[in-house]
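What the coordinates show
Next come the chains, spelled out residue by residue.
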Amino acid sequence: MNKLITFLCLFVAGIGSLYATTRYKGDFNNDGKVNLADMAVLAKAINEGKTDQSLHDLNASGSVDDADLHWLADLIISEKLIEDVGINIGIGGWDDGGEDFGGSVGVAYSRARSASGFTFFAESPRYDYSNNVTYVDFGLKSGAETGNICAVYFKLHVPDIDFVDGDFVELYESVGAGHTIYGKPVIKSYSPHEKELRFIVFSPSLDAITGDSAPIGRLKYTLFDSKAGRFEITESHALVDGNDNVCEIDGSGNDFSDLCYRPVKSISIEQDGIEEIAVGEQKALRVLFNPENATDKSVEWSSDNADVASVDNSGVVTVNNKGLATITVRTLDGSKLEASCNIQGVAIITGIMDAISDGMLVDIFSANGILLHKAVDKESVNSLPAGLYILRSGAKSHKVVK
């Protein structure tokens, strides 16, 4: 009887020992968690040529390389630990009954410290005309202390809008040498009104994203109707200075009153034909947008002959000499649209009656541009007191002296 009890005790102790040594694929630092720190351990081993194929060849390809880092990133994004089948004896573990998956990777961060004061930011929605998608630029900014981050696991709560699974995030080329998206970015339903985006930005060379405000990339989506919403980072983590400290990132909400972006389809200048304007006079040109409620109406103006007519940033044309000039307006929102009109600079006419033919109706302005009379005939013009006037008929203007 005593021998049986002793045997059972030894058997239980043995089982307990096996259970205690249970580890998980990708847990290279043997801390019972699989996270960004393990990606750093694997990257360092690859960089130094100190890999163990039996341990590090996660995708069983026969070699240890960048593909194993992608495999590990997919595991982290899935937020499921995979037990090492060589040790898994089908009991204990994460109460999974011996199956491959068990436990949430997310619990590994419950006591993580702050990632050097970094917070998440997202900028106003913009539009990519080349790919016909709306996007929000995002990045990290720091407070009093600047951190050095070589890896970030982003978990974002975003509005329930149309993101393309696996293709909703794009990095800037300027983020840093070697930084790229690892694993396949995924979209999860978070609530009837929200989604959760998960993706990992990682540098296998362990170079750091630095700076007080570090732009990282853009989140792409499709939305044609006005909708308010907020982009908020939640439970996201970073690897600082390439060490094993996995840290929390603060994620204050970034609210937008309208997530829809209405791109410009065409523009024109409210002007017909060639307009004659007297030397020394000015005229404000107006741009017409299609659609009228386009999100971004920023433009730039230029003249092909500034000696004749120059134009300022507001579209106000000043005629400097006689001659012909073409005034062009271009959009600055990325649509690369433009429109043009022609301005004819004409000399001041000294004889007021020479500027008007029989039957012509003109608008009369003071030299300062104040409307004095509208649609009057030649006799009414002749009755004006002596002075300097501007006569306008249709698109033609004359500066005259009476």
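Anything mentioned here points back to the structure above.
What you see is a predicted model, and the numbers here were worked out from it, not measured in a lab.

Concerning the overall build of the protein chain
A count of helices and strands for the protein chain gives five helices and 27 strands. Sorting the 402 residues of the protein chain into buried and exposed places 43% on the buried side. Contacts in the protein chain between residues at least 24 apart in sequence constitute 64% of all its contacts with a sequence separation of at least 6. Summing over all exposed atoms, the protein chain offers an accessible surface of approximately 20,000 Å²; the carbon and sulfur share of this is 49%.

Focus: unusual backbone geometry
Of the consecutive residues N290 and P291, the connecting peptide bond is found in the cis state with omega at 0°. Turning to its location among the elements, P291 is positioned in the loop between strand 18 (287-290) and strand 19 (299-303). Phi is positive for N132, which is not a glycine, with a value near 55°. In this fold, N132 is placed in the loop between strand 4 (126-128) and strand 5 (133-141). If you check the backbone angles, A375 has positive phi at about 55° while not being a glycine. Position of A375 relative to the elements: it lies in strand 25 (residues 371-376).

So, helix 2 (residues 36-48)
The terminal C-alpha atoms of helix 2, which comprises 13 residues, lie 18 Å apart, in line with the 18 Å expected from a rise of 1.5 Å per residue. Every buried residue of helix 2 is listed here: L36, A37, D38, M39, A40, L42, A43 and A45. For helix 2, the side-chain oxygen to backbone nitrogen distance between the N-cap and A37 is 3.0 Å, and the N-cap itself is N35. Phi turns positive one or two residues past the end of helix 2, at G49, with a value near 65°.

What to know about the environment of L361
Relative to the helices and strands, L361 resides in the loop between strand 23 (338-346) and strand 24 (362-366). Taking C-alpha positions, L361 is 9.6 Å from V381, a pair spaced 20 residues apart along the chain. Those residues in contact with L361 that sit more than four places away from it in its chain are A375, V376, D377 and S393.

Things to note about the nonpolar core
F154, F163, F199, L219 and F231 are the most contacted members of the largest nonpolar core, which has 36 residues in total. Per-element tally for this core: the top contributor is strand 6 (residues 149-159), with five residues. When neighbours within four sequence positions are excluded, F154 is seen to be in contact with F120, F138, L140, L197, R198, F199, V201, I216, I233 and S236. One finds A43, L69, I76 and I82 within the second-largest nonpolar core, a separate group that totals 28 residues.

Remarks on empty space enclosed by the protein
This structure, assessed with the given rule, holds one cavity of 30 Å³ or more. Considered as a void within the structure, the largest cavity measures approximately 40 Å³ in volume. Looking at the largest cavity, the residues that line it are Y127, N132, V133, T134, Y221, T222, L223, F224 and Y261. When its residues are assigned to classes, the lining of the largest cavity shows six nonpolar, three polar and no charged.

Remarks on the pairing of strand 5
Of all nine residues making up strand 5, eight are buried, and the element is well covered by its neighbours. The pairing of strand 4 with strand 5 spans three bridges and is classified as antiparallel. For D128, the partnering residue across the bridge sits in strand 5 and is V133. Counted between consecutive antiparallel strands, the loop separating strand 4 from strand 5 contains four residues, among which N132 sits at a positive phi close to 55°.

Looking at helix 4 (residues 66-78)
End to end, helix 4 covers 19 Å across 13 residues, agreeing with the expected 18 Å (1.5 Å per residue, within 8%). When helix 4 is considered as a whole, its buried residues turn out to be D68, L69, L72, A73, L75, I76 and I77. Each element contacted by the buried residues of helix 4 is listed here: helix 2, helix 3 (53-56), strand 1 (80-82), strand 6, strand 8 (180-191) and strand 9 (194-202). N-cap assignment for helix 4: the residue whose side-chain oxygen lies 3.1 Å from the backbone N of A67 is D65. The first or second residue beyond helix 4 is E79, which carries a positive phi of 60°.

Focus on the packing of aromatic side chains
Using the criterion set out here, one finds eleven aromatic pairs in the structure. Considering the side-chain rings of Y127 and Y261, the 5.7 Å spacing of their centres and the 15° angle between planes classify their relative orientation as stacked. Linking Y127 in strand 4 with Y261 in the loop between strand 14 (254-256) and strand 15 (266-269), this pair joins segments that are 134 residues apart in sequence. Of the residues examined, Y261 reaches a relative accessible area of 3% and is grouped as buried.

Here we look at the pairing of strand 12 (residues 237-240)
Burial along strand 12 is two-sided: H237 and L239 facing one way and A238 and V240 facing the other are all buried. With three bridges joining them, strand 12 and strand 13 (residues 246-250) adopt antiparallel strand pairing. Bridging from a neighbouring strand, A238 pairs with C247 of strand 13.

What to know about the layout of surface pockets
Computed from the structure, the second largest pocket encloses a volume of approximately 170 Å³. What lines the second largest pocket is simply I277, E281, Q282, K283, F365, A367, N368, G369, I390, R392 and S397. Residue classes in the lining of the second largest pocket are distributed as four nonpolar, four polar and three charged.

Concerning the side chain of N35
Tracing the chain through its elements places N35 in the loop between helix 1 (2-20) and helix 2. A relative accessible area of 3% places N35 in the buried class. There is a polar contact of 3.0 Å between the side chain of N35 and the backbone nitrogen of A37.

About the thresholds
Residues numbered from 1 in each chain as written. Predicted model: local features only at pLDDT ≥ 70, side-chain atom pairs only at ≥ 80, totals over all residues. Heavy atoms only, no water. Helix = DSSP H or I, 4+ residues; strand = E, 2+ residues; numbered from the N terminus. Buried < 20%, exposed > 50% of the residue type's maximum accessible area, 1.4 Å probe, protein only. Contact = heavy atoms within 4.5 Å. Areas by Shrake-Rupley, 256 points an atom, 1.4 Å probe, with all protein chains shown as cover. Expected span 1.5 Å × (residues − 1). Polar contact = N/O pair within 3.5 Å; in protein donor to acceptor, adjacent residues only side chain to side chain. Core = buried A, V, L, I, M, F, W, Y, C linked by side-chain atoms within 4.5 Å. 1 Å grid on protein atoms, 1.4 Å probe; cavity = no way out; pocket = protein on both sides within 12 Å on 5 of 7 lines; lining within 4 Å. Points joined across faces, edges and corners; volume = space filled by probe spheres on them. Nonpolar A, V, L, I, M, F, W, Y, C, P; charged D, E, K, R; others polar. Pairing = 2+ DSSP bridges. Phe/Tyr/Trp six-rings, centres within 6.5 Å; stacked < 30°, edge-to-face > 60°.

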